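The residues making up each chain are set out below.
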Amino acid sequence: MRYLPLNGEDRAEMLARIGVSSCDALFADIPEDKRLTQRLDLPPPKSEMEVERELARLASKNVAAGSVPFFIGAGAYKHHVPATVDYLIQRSEFLTSYTPYQPEIAQGTLQAIFEFQTQVAALTAMDIANASLYDGSTATAEAVAMARRITKRSKALLSGGLHPHYAGTVRTYAEMAGEEAIALPPDVTAAEKLSAYIDDNTACAVVQSPDFFGNLRDLSDIAAACHARGALLIAVFTEAVSLGLVKPPGAMDADIAAGEGQSLGNRLNFGGPYLGLFAAKAKYLRQMPGRLCGETIDALGRRGFVLTLSTREQHIRRDKATSNICTNSGLASLAFSIHLTLLGDAGLCRLAQINHANAVDLAERLAAIPGVEVLNETFFNEFTIKIPGSGQRAVDRMAGEGVLGGVPVSRLLPKSGLDDLILVAATEVNTAADRQAFAGALKGALSC
Amino acid sequence: MRYLPLNGEDRAEMLARIGVSSCDALFADIPEDKRLTQRLDLPPPKSEMEVERELARLASKNVAAGSVPFFIGAGAYKHHVPATVDYLIQRSEFLTSYTPYQPEIAQGTLQAIFEFQTQVAALTAMDIANASLYDGSTATAEAVAMARRITKRSKALLSGGLHPHYAGTVRTYAEMAGEEAIALPPDVTAAEKLSAYIDDNTACAVVQSPDFFGNLRDLSDIAAACHARGALLIAVFTEAVSLGLVKPPGAMDADIAAGEGQSLGNRLNFGGPYLGLFAAKAKYLRQMPGRLCGETIDALGRRGFVLTLSTREQHIRRDKATSNICTNSGLASLAFSIHLTLLGDAGLCRLAQINHANAVDLAERLAAIPGVEVLNETFFNEFTIKIPGSGQRAVDRMAGEGVLGGVPVSRLLPKSGLDDLILVAATEVNTAADRQAFAGALKGALSC
Amino acid sequence: MLMRQGQFPKASEAAAKEAKTFTGNRGLDIEEGLIFETGRPENTGVDLAEPLPVMPRLGALKRKEPAGLPGLSEPEAVRHYVRLSRMNYSIDAGIFPLGSCTMKHNPRLNEAMARLQGFADIHPLQPESTVQGALELMAELSRWLMVLTGMDAVALAPRAGAHGEACGLMIIKAAIAAKGEAQSRNVVLVPESAHGTNPASATSTGFEVRPVPARSSGTLDPAEVKKRLGPEVAAIMLTNPNTCGLFEKDTVEIASMVHAAGAYFYCDGANFNAIMGKARPGDLGADAMHINLHKTFSTPHGGGGPGAGPVVLSSRLAPFAPVPFVRREGDAFRLVEHCSEAPQASGRIAAFHGQMGTFVRALAYMLSHGAEGLRQAAEDAVLSANYVRVSLKDVMSGPYTGQVCMHEALFDESWLAPAGLTAFDFAKAMIDEGFHPMTVYFPLVTHGAMLIEPTESESKASLDLFIAALRDLALAAKRGDRARFAGAPRHAPRCRLDETRAARHPVLKWTKPQPA
Amino acid sequence: MLMRQGQFPKASEAAAKEAKTFTGNRGLDIEEGLIFETGRPENTGVDLAEPLPVMPRLGALKRKEPAGLPGLSEPEAVRHYVRLSRMNYSIDAGIFPLGSCTMKHNPRLNEAMARLQGFADIHPLQPESTVQGALELMAELSRWLMVLTGMDAVALAPRAGAHGEACGLMIIKAAIAAKGEAQSRNVVLVPESAHGTNPASATSTGFEVRPVPARSSGTLDPAEVKKRLGPEVAAIMLTNPNTCGLFEKDTVEIASMVHAAGAYFYCDGANFNAIMGKARPGDLGADAMHINLHKTFSTPHGGGGPGAGPVVLSSRLAPFAPVPFVRREGDAFRLVEHCSEAPQASGRIAAFHGQMGTFVRALAYMLSHGAEGLRQAAEDAVLSANYVRVSLKDVMSGPYTGQVCMHEALFDESWLAPAGLTAFDFAKAMIDEGFHPMTVYFPLVTHGAMLIEPTESESKASLDLFIAALRDLALAAKRGDRARFAGAPRHAPRCRLDETRAARHPVLKWTKPQPA
Ligand SMILES: Cc1ncc(COP(=O)(O)O)c(C=O)c1O
Ligand SMILES: Cc1ncc(COP(=O)(O)O)c(C=O)c1O
């Protein structure tokens, strides 16, 4: 077997040194009747070429984003990732190292985390950021748990503009922990009056912007309302690129920002691995979940970096930890950070402008189709359209024509009376021809 | 421009330090009327995404070997290269380093070359090998030039089984240098009596095995005949994998072995970059072309490696050098060496067996087609078939049916009366289904 | 996992001087500033077309203050990250014997497969008809996991081991609730040697943790478990093989006790590498177990993540798996995404469907081995750990060095005490010798633990060199050669780092230096 | 290119001791044996299916003696090569200012493009109908090269610069033969500063070399050329910008003289990076010029190769280009592979059609820049070289430091002589500071040359650090701090290597050690 360095001779010598006659002797602690003796119903080993063939067969059964006009978003975005990013994250020393528990021989990972934390803080305009969580949804759940610890209150108020999967995740966690999570009804046009629900038992309000339907929301008033009642505002985002052009959480006095970082540096990957971004006000530092990297010096006085404040974490604090997270999204955060380093302010801003412009152009093209309405007043690169008839059917028909034309809102919010809505995203990867193809396919789907 | 680190401010500061007012002042030595002022008729800069689109467009116009049943050889072979090989050669430190002129910070490249030299010597069963030449054809030309230097004779005798491109290359070089190169007529069945042509003005005989038509040739007698007349035997091969199963040049007393190394570690690449392998008897060391890496020690007595014996080379010896070669096939030789390191004797032998077995199976299938004849008595993974009618036409027809079914001999040897021959190769990448598809396509091509 | 800080010695003047060059570089060890020091917000390493001219639709929410993010041209960025990378140790460069972490070889084939366009460029919300291959892959991966563990269902959603633990406990909670015991059963038994994520997961899912001590031979005593069982107990979380590297030999008995008490048996499967193909947790009585694909099935750790922690389930718990999951319907595969279709499901634990990129890698690994190869890998892992154990036990002490271990060998620092040295010192000295240290100070039950997990990926030559070096270090320690340890690491990119300072005065991001 | 050997000092006992560890490793610097020492012929890192059972067709030519090649399992192989790689310097890790080598940034986009299946997995002898995209790419690359150089045709066959030189000279030879002067014209004028490949190429194509000295200002004197012209002269090989980093300002005059004498003007275009977009060799009178795609157009050097050396040709020489070449016929592209279709062609100079992998990379680079970006790259390269020149000229001497240079700045070692040091010593001390040395002892015309080519890929910060470090070293040298130089490099994976020993007792391959 190509991955196993030991050969028969090695094994024999090693057994001899150990002083047992066979490898099975090493498994003597397994109750005899529980030892596997039968052959398992699994295929025989495959050569590399055979594995490639089998997996290529499966891959070829999927329609890849790059191969068709593609307009799906809803929390995961198809952006162009520079070739350099994937090259660099595949460096052995990044790819195959563990969590940097031995800082003297992990300065590369540590400095990259320190830079990532600084970038995330700058991007969100928050004071501090951690070294990443699993994804945007679990980051949101962690933010809620953190708000509960800080406020010592139970209730979380979830905006109707929050991504339904995020809301679901928060609700599941809350339910399990015996806490309260109140989700407002789907709020397609950002019309809800969330502040009205904040009371003295409210730990936090959770509001997304750009929201699930693509609307931009000004969180400043909600922040004020929260703070007036001693609650925290958790600002959520699913499209990090928007922060190049849109007012960031910190500028609206959010207490915690939780978001999805996939859209910088990372591919769609059918939903994972993704990247949870997590930032907060400095005063809440000790309640942060996840790893933190800090600056220090070495014995020669040189700057260096270490994981720090780990007394918050499960491996020290166990059942009292701020979170159970251990393995996080290290490599995805590195990809994010490299992409952002390549972009810089200038590039990010330009990228965000292109996304916005392409979405505006698309909105205009779609709105021009008889019967189609764009529901958003404001948006970044994603918006909601209302069509005559079923969104699901239209999307399926377009897929049949080779256009991946958005997500039917009913897929995430079934039985909500929103069956005629489609969520549509445009990014820098879409050409004018793609947008035209989409408009054509939608027209076709509606007319048949 | 993403690849240029200097910005306007930097440039201004640098010009100021230099003490000139504009960059054009630095180009003052170019005659004024020769300075380019007009815009060149070339497209504007492209973003990474645009470059990808343009090149993907071109790539998609080609039929790739992996996408269809594929049986083309004739000096370049489609083998399966383990993913590890390409990963490792892309390590920055291998990919973006120069020729190891500063050995203290190039031990990685140097040790890899030393190992490569040892591997090539072992594979060919020759005493010594160099650090690579461009490809098999130029290696053959270099071998002939080396034989002339050693024997101080002019005439090179080229077997009719030598790859026509190799023969052409040797002839061009010979012609330019005013030397003699006599090519025997195409020898489809390895029937020529080459020894009869060796005389006292013969510097060398150049014989390929497996030869261009796929035949295995025993070179021992030719070697004896050469040596009896003071000439050298140059053994050529184009399929390095054959050496896992077939008698190597050194075992047949060849003086120089020159070959193509593409088939280990390297992809088809439409013909290049490939890898010239070059090995010789130790006594001819000082006449070797190309770089050589040797073992030595450092100031602390530790083993280390350096480029050595460079007094043979152009950068020292200039017009008296053994060759003009400078840049060689470094990275391709690394890929070769890594692939061979993964294989080892056991893997190489198995790989060669699979190639041979697949070719035998294919030969049987093709021979079963009425009117089709396999001309070879012996072969490794490639052989020649004779069909009723034009080989070119049959190959084109098969291509139309999505089968790349070999090379018409007339493509390389036009007007040689060999228009009904097709050269056919099988490797480990071909499945039984592929071979069946080939037989079917050939039958179809012959019947229409 | 390094659990404790060591001393922070100031290096000698002499050493400082020796290291000095004008640039601070030393040959191939090149110092590198922060991107905030070298980059500039107006620079960029990405060329982008002009945006279309449109009427913006941002309302009043345009960003006013730029983020201040530095940009680097592509060559500068490449150099920055290549230099950083060169400051890291990696499996690719040497043995990485972190106990409990299963740092095995990460095949590059898997990386290539995960990057196939048909896997990497598909969106989780595409119409199902356009992702049949992806769903088939998830189904196939599930099949492998079920067959290998002898379990009946798999939840693929968990992002890592800890997430899997939480997922498993949520499932158990849902099952308990379905039996009407939601209020009464809220305690989870957790052995003291458990990984920190176990108690943390229990708390975060609303359980109370009740610790269980191990007996002196390192495994759990059924009697101790029995004592702690009761109607309030929802589950036991048992790591098997446990974090001391021992197989819990009474697991079957414990499982039946737990079941008899109306509770569930959660198995922490982080150490499944030791027994895959040798025994099936399902046969041992487990109801739920997470598997760290980023350990057992070779997906790379990436300097901290990402991973994937699928949870295999017994038939009793299967109905309570969270959404989404894949269902086969005839020749087609479907995603069940809502509890409306799975009324007993324990909700949703994250967005979308799981760590597809990790699934591809893990399946590539499984296909490459076949069941036979996986068994061989487990055997080699255990063989190698025992080889290390017997080769070091005469010079290093440890609580169980006299008995057979599974995939990892546990030593402790007591033998270092006479020399005034700690496990921390020993670890740092290993760095100078070119090795990544073992896990130190975990498990917590062993004072000054040093936990060595070589995995099956090491050649005998590699193990022999590792053993010889550790023996040399051990003899040096016993000889009282304190200097070799106190100053270590000497040869790493950094000498010992002041962790106390980092924690006392946290500097968690770069800030513009104030002009003096 | 390092032309001369330095002294081989024995290191001090103290230094030797300091470096000592048990394993010989030093932190992340890990020693690695040869595959022949660690591998075994019966091991393999490649799994292969059973061969079909067939009757072998090998006749009597089955290999009898196995080659004895060691095999490594995949994890061992990965580790071997990763460890080796870590002993190398690279552009990705730092400035690589080798004069004449144009070590610029190698974009990874280009690597990805060259690996597209449609380029990497196509065979040179596929039917033309199945490789139209490849042929179109070759045509497009040719168009860029012709427009940039102002020439009329391109021969894409040459594998590298030296091969391009030989190709160009063969073309000239064919052109001369066509004029019936084959016997009489057999001399090529080569300036003394020329790269070694020039005279070597001339000899290997059957010409005689006649050297031409440069004048004191570093460029060629038309008068000196004139003196050497005659009916026996076939061509002049002129490098422009030349290897001293200077633009040959009299190139137009020289070209017309050469033409008037019935000879051809071959331009060595290895240094084209300095003038692309600024001037066209065609306008300057060149008849043939090779271009190193692996310098000017950013394809990676790969530790020595491969490259590509296409030759652009004037209309006078175009008909004599070797086969094969691409011809457009309507919408389709064809390959002309035989002289029967191109009767004046100078034959075939290698198998197949050229370095496709390199072409893809080079074209990706060109498309990324556009003409404008290429011009800017040339300007930045020249700007950076002059910046280095003026920043060092007060501390380091050089023959032309007072005048503007092109892409590289030439210094010499004369200023080091008083300290008893050489360019070699200086280079080795640079290694300790984290820099790859410049080219030393080339060009040969400058005694103790040190040729610095920073390229356009360096940031100003990188140049400033490089300059500051060289100034510090220079001042140290002037101060007489010989120790800093004599012992250098101290911090590299190896100290100075004994090159004399390597040459005196050549050990060019591993051999099994004899039992003692
Ligand atoms: C025994 C054990 N359980 C659980 C975990 C947690 O897994 P993860 O890091 O994937 O969350 C680990 C990982 O370190 C472990 O070793
Ligand atoms: C001026 C000059 N000419 C020619 C060459 C030869 O090019 P190559 O190494 O590609 O054969 C070089 C390369 O070093 C060079 O610098």
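Note that the coordinates shown come from a computational prediction; the quantities given were computed from them, not determined experimentally.

Requested: an account of the overall build of chain C, with residues and values cited.
Per the secondary structure count, chain C includes 15 helices and 12 strands. Dimensions of chain C, computed from the C-alpha atoms along their principal axes, are close to 75 × 70 × 45 Å. Residue burial in chain C is summarised as follows: out of 516 residues, 69% are buried. Counting contacts in chain C only where the partners sit at least 6 residues apart, residues at least 24 apart contribute 71% of the total. When the accessible area of chain C is evaluated, it comes to approximately 14800 Å², of which 53% is carbon and sulfur surface. Taken as two groups, the 53 positive and 54 negative side-chain charges of chain C have centres that lie 4 Å from each other.

Account for the site of ligand 2, naming residues and giving values.
The local shell around ligand 2 holds 16 residues, among which Thr327(B), Ser100(D), Gly161(D), Asp268(D) and Lys295(D) are the closest. The environment around ligand 2 is built from residues contributed by chains B and D. Take Gly161(D): an N or O atom from its main chain is 2.7 Å from an oxygen atom of ligand 2. The contact in question runs from an oxygen atom of ligand 2 to an N or O atom on the side chain of Asn292(D), over 3.1 Å. Of all the elements, helix α7 (residues 161-178) of chain D adds the most residues to the shell around ligand 2, at 3 residues. Residue composition of the shell around ligand 2, by class: 6 nonpolar, 7 polar and 3 charged.

Please provide a residue-by-residue account of the interface of chain D and chain B, values included.
Taken together, the contact between chain D and chain B spans 215 residues of the former and 195 residues of the latter. Summed over both sides, the interface of chain D with chain B buries roughly 17600 Å², with 64% coming from carbon and sulfur. For the interface between chain D and chain B, the tally reads 14 salt bridges. Of the charged contacts in the structure, one is a salt bridge between Arg267(B) and Asp121(D), with a shortest N-O distance of 3.1 Å. Where chain D meets chain B, there are 102 residue pairs in polar contact (both at pLDDT 80 or more). At 26 residues, helix α11 (residues 356-392) of chain D tops the list of elements feeding residues into the side of chain D that touches chain B. The residue inventory of the side of chain D that touches chain B, partitioned by class, reads 114 nonpolar, 59 polar and 42 charged.

Account for the site of ligand 1, with residues named and values stated.
Surrounding ligand 1, one finds 16 residues, the nearest of these being Thr327(A), Ser100(C), Asp268(C), His294(C) and Lys295(C). In this structure, ligand 1 is bordered by residues of chains A and C. Ser100(C) places a polar side-chain atom, nitrogen or oxygen, 2.7 Å from an oxygen atom of ligand 1. Lys295(C) is positioned with one of its side-chain polar atoms (N or O) 2.8 Å from an oxygen atom of ligand 1. Out of a free accessible area of 390 Å², ligand 1 has 100% covered by protein chains. Among the elements that take part in the shell around ligand 1, helix α7 (residues 161-178) of chain C stands out by supplying 3 residues, more than any other. When its residues are assigned to classes, the shell around ligand 1 shows 6 nonpolar, 7 polar and 3 charged.

Could you give an account of the interface of chain D and chain A, naming the residues involved and the relevant values?
Between chain D and chain A, the residue contacts involve 17 residues of the former and 16 residues of the latter. Three residues stand out in chain D for area buried against chain A, namely Arg40(D), Asp47(D) and Arg108(D), and they jointly supply 40% of the buried area on that side. Close ionic contact of Asp47(D) with Arg2(A) constitutes a salt bridge, the shortest N to O distance being 2.8 Å. Where chain D touches chain A, the interface holds 6 residue pairs in polar contact (both at pLDDT 80 or more).

Outline the packing of aromatic side chains, supporting the account with residue identities and numerical values.
This model, assessed by the stated rule, comprises 28 aromatic pairs over all chains. Between Phe71(A) and Phe438(A), the aromatic rings sit 4.6 Å apart at their centres with planes inclined by 25°, giving stacked as the arrangement. Of this pair, Phe71(A) sits in the loop between α2 (48-59) and α3 (83-89) while Phe438(A) is found in helix α13 (residues 432-447), placing the two residues 367 residues apart along the sequence. Taken individually, Phe71(A) and Phe438(A) each receive the classification buried, so the pair is uniform in this respect. Ring plane angle 75° and centroid distance 5.5 Å describe the contact between Tyr89(D) and Phe96(D), whose orientation is recorded as edge-to-face.

Go over the packing of α7(D) against helix α8 (residues 197-204) of chain D with me, naming the residues and quoting the values.
All names here are of chain D. It is at 9 Å that the axes of α7 and α8 come closest, and there the two elements cross at 45°. With respect to α8, the axis of α7 lies oblique. Our pair here, α7 against α8, has a crossing hand that is right-handed. In this structure, α7 contributes Ala162, Glu165, Ala166 and Leu169 to the contact, and α8 contributes Thr197, Asn198, Ser201 and Ala202. Split by residue class, the contact of α7 with α8 holds 4 nonpolar, 3 polar and 1 charged.

I'd love a proper account of the pattern of salt bridges, names of residues and values included.
Per the counting criterion, the structure on display carries 127 salt bridges over all chains. The salt bridge involving Arg496(C) is made with Asp425(C); its shortest N-O contact spans 3.0 Å. Of this pair, Arg496(C) sits in the loop between α14 (482-486) and α15 (499-504) while Asp425(C) sits in helix α12 (residues 423-432); the two residues are 71 residues apart in sequence, bridging distant segments of the chain. No difference in accessibility class separates Arg496(C) from Asp425(C), as the two residues are buried. Among the salt bridges present, the one from Glu31(D) reaches Arg494(D), with a minimum N-O distance of 2.7 Å. Linking Glu31(D) in the loop between α1 (13-18) and α2 (35-38) with Arg494(D) in the loop between α14 (482-486) and α15 (499-504), this pair joins segments that are 463 residues apart in sequence. By relative accessible area, which is 28% here, Glu31(D) ends up partly exposed.

Describe the pairing of strand β9 (residues 303-307) of chain A, naming the residues involved and giving the relevant values.
All names here are of chain A. Burial of β9 is extensive: 4 of the 5 residues sit out of reach of the surface. One ladder, built from 5 bridges, connects strand β8 (residues 293-297) with β9; its direction is antiparallel. When the sheet's bridge partners are listed, Gly294 is paired in β9 with Val306. Hairpin connection between β8 and β9: a loop of 5 residues separates the two successive antiparallel strands, and Gly301 in this loop has a positive phi of roughly 85°.

Before we move on, can you summarise the nonpolar core with the specific residues and values?
Ranked by internal contacts, the top residues of the largest apolar core, which has 215 residues, are Leu55(A), Phe297(C) and Phe426(C). Tallying contributions element by element places helix α11 (residues 356-392) of chain C first for this core, with 20 residues. Among residues more than four places away in sequence, those in contact with Phe426(C) are Met396(C), Trp415(C), Leu416(C), Met438(C), Met450(C), Leu470(C), Leu473(C), Ala474(C) and Phe485(C). Of all hydrophobic cores here, the second largest spans 213 residues; its members include Val85(B), Ala129(B), Phe119(D) and Leu137(D).

Would you mind going over the environment of Ala178(D) in detail, with residue names and values included?
Residues and elements named next belong to chain D. Following the sequence through the fold, Ala178 ends up in helix α7. For the pair Ala178 and Phe442, spaced 264 residues apart in the sequence, the C-alpha separation amounts to 37 Å. Other than its neighbours up to four places away in sequence, Ala178 contacts Phe320 and Gln344.

Tell me what's going on with the pairing of strand β6 (residues 256-260) of chain A, and back it up with residues and numbers.
Residues and elements named next belong to chain A. Within β6, 5 of the 5 residues are buried, which leaves the element mostly enclosed by the surrounding structure. What you see with β6 is no split at all: Ile256, Ala258 and Glu260 on one side and Ala257 and Gly259 on the other are buried throughout. Of the strand pairs in this sheet, strand β5 (residues 232-237) and β6 are connected by 4 bridges, and their pairing is parallel. Considered in β6, the bridge of Ile234 is made with Ile256. With 5 bridges joining them, β6 and strand β7 (residues 276-280) adopt antiparallel strand pairing. Bridging from a neighbouring strand, Ile256 pairs with Ala280 of β7.

Would you mind going over the confidence of the model for chain C in detail, with residue names and values included?
Across chain C, the average pLDDT comes to 95, with 96% of residues at 70 or higher. Reported confidence for the predicted complex is 0.98 by ipTM and 0.98 by pTM.

Hey, could you go over the sheet that holds strand β10 (residues 409-411) of chain C for me, with residue numbers and the actual values?
All names here are of chain C. Strand order in the open sheet made by the 3 strands is β10-β12-β11, with antiparallel pairing throughout. Each of the sheet's edge strands pairs with one partner strand only, and the pair in question is β10 and β11 (439-440). Bridging between β11 and strand β12 (residues 450-452) involves 2 bridges; their strand directions are antiparallel. The residue bridging Val440 from the neighbouring strand is Met450, located in β12.

Any details on the environment of Ser129(C)? Residues and values, ideally.
Residues and elements named next belong to chain C. Tracing the backbone through its elements, the reader meets Ser129 in the loop between α5 (117-120) and α6 (132-149). On the accessibility criterion, Ser129 (57% relative accessible area) is exposed. C-alpha of Ser129 to C-alpha of Phe333: the two residues are 204 residues apart in sequence and 8.6 Å apart in space.

Residue-level account of the packing of helix α2 (residues 48-59) of chain B against α11(D), with values.
Put simply, α2(B) and α11(D) touch, their axes get as near as 10 Å, and they point 140° apart. Relative to α11(D), α2(B) is oriented oblique. Taken as a pair, α2(B) and α11(D) cross one another with a handedness that is right-handed. Residues Val51(B), Glu54(B) and Leu55(B) of α2(B) touch α11(D), and the partners they reach there are Val360(D), Leu363(D), Ala364(D), Leu367(D) and Ser368(D). The residue makeup of the contact of α2(B) with α11(D), split by class, is 6 nonpolar, 1 polar and 1 charged.

Reading guide: rules and limits
- Every chain's residues receive numbers from 1 upward, in the order its sequence appears when written.
- Key to labels: chains lettered from A, ligands numbered from 1, both in the order written.
- Under the rules for a predicted model, residues below a pLDDT of 70 receive no local features and side-chain atom pairs below 80 are neither given nor counted, while totals for whole chains, interfaces and linings still include all residues.
- Only hydrogens and water are set aside; all other atoms, that is, all heavy atoms of the structure, feed into the side-chain values.
- Counting from the N terminus, the helices are DSSP H or I runs at least four residues long and the strands are E runs at least two residues long.
- The buried label goes to any residue with under 20% of its type's maximum accessible area, the exposed label to any with over 50%, and the partly exposed label to all in between, with areas taken from a 1.4 Å probe on protein chains only.
- The contact criterion used throughout is that any non-hydrogen atoms of two residues lie within 4.5 Å.
- Surface accessibility in these figures is a Shrake-Rupley result with a 1.4 Å probe; residues are shielded only by whichever protein chains are displayed.
- Working convention for charge: Lys and Arg count positive, Asp and Glu count negative, and His plus the chain ends are omitted.
- To locate a charge, take atom NZ for lysine, CZ for arginine, CG for aspartate or CD for glutamate.
- One heavy atom within 4 Å of a molecule or strand is enough for the residue carrying it to be called near that molecule or strand.
- Pairs of N or O atoms are called polar contacts if they sit within 3.5 Å, as long as, within protein, a hydrogen donor faces a hydrogen acceptor (for residues adjacent in sequence, only side-chain-to-side-chain pairs).
- Ten residue types, Ala, Val, Leu, Ile, Met, Phe, Trp, Tyr, Cys and Pro, are classed as nonpolar, four, Asp, Glu, Lys and Arg, as charged, and the remainder, Gly among them, as polar.
- Accessible surface is computed with a 1.4 Å probe, and the buried area is the amount of it that two parts give up when combined, taken over both parts together.
- Counted as salt bridges are all cases of a side-chain nitrogen of Lys or Arg within 4 Å of a carboxyl oxygen of Asp or Glu.
- Centres within 6.5 Å are what make two rings of Phe, Tyr or Trp a pair, Trp counting through its six-membered ring; a difference in plane orientation under 30 degrees is then read as stacked, over 60 as edge-to-face, and the rest as tilted.
- Simply put, an axis is a line fit to the C-alpha atoms, just over the touching stretch for a helix, and the angle between two N-to-C directions goes from 0 to 180 degrees.
- These descriptions rest on fixed angle ranges, namely under 35 degrees for roughly parallel, over 145 for roughly antiparallel, 65 to 115 for roughly perpendicular, and the rest for oblique.
- Note: crossing handedness is left-handed where the near helix turns anticlockwise from the far helix by less than a right angle, and right-handed where it turns clockwise.
- Strands were regarded as paired on the criterion that DSSP finds at least two bridges between them.
- For this analysis, a nonpolar core means a set of buried residues of the types Ala, Val, Leu, Ile, Met, Phe, Trp, Tyr and Cys, connected via side-chain atoms within 4.5 Å.
- Confidence per residue, as judged by the predictor, is encoded in pLDDT with a range of 0 to 100.

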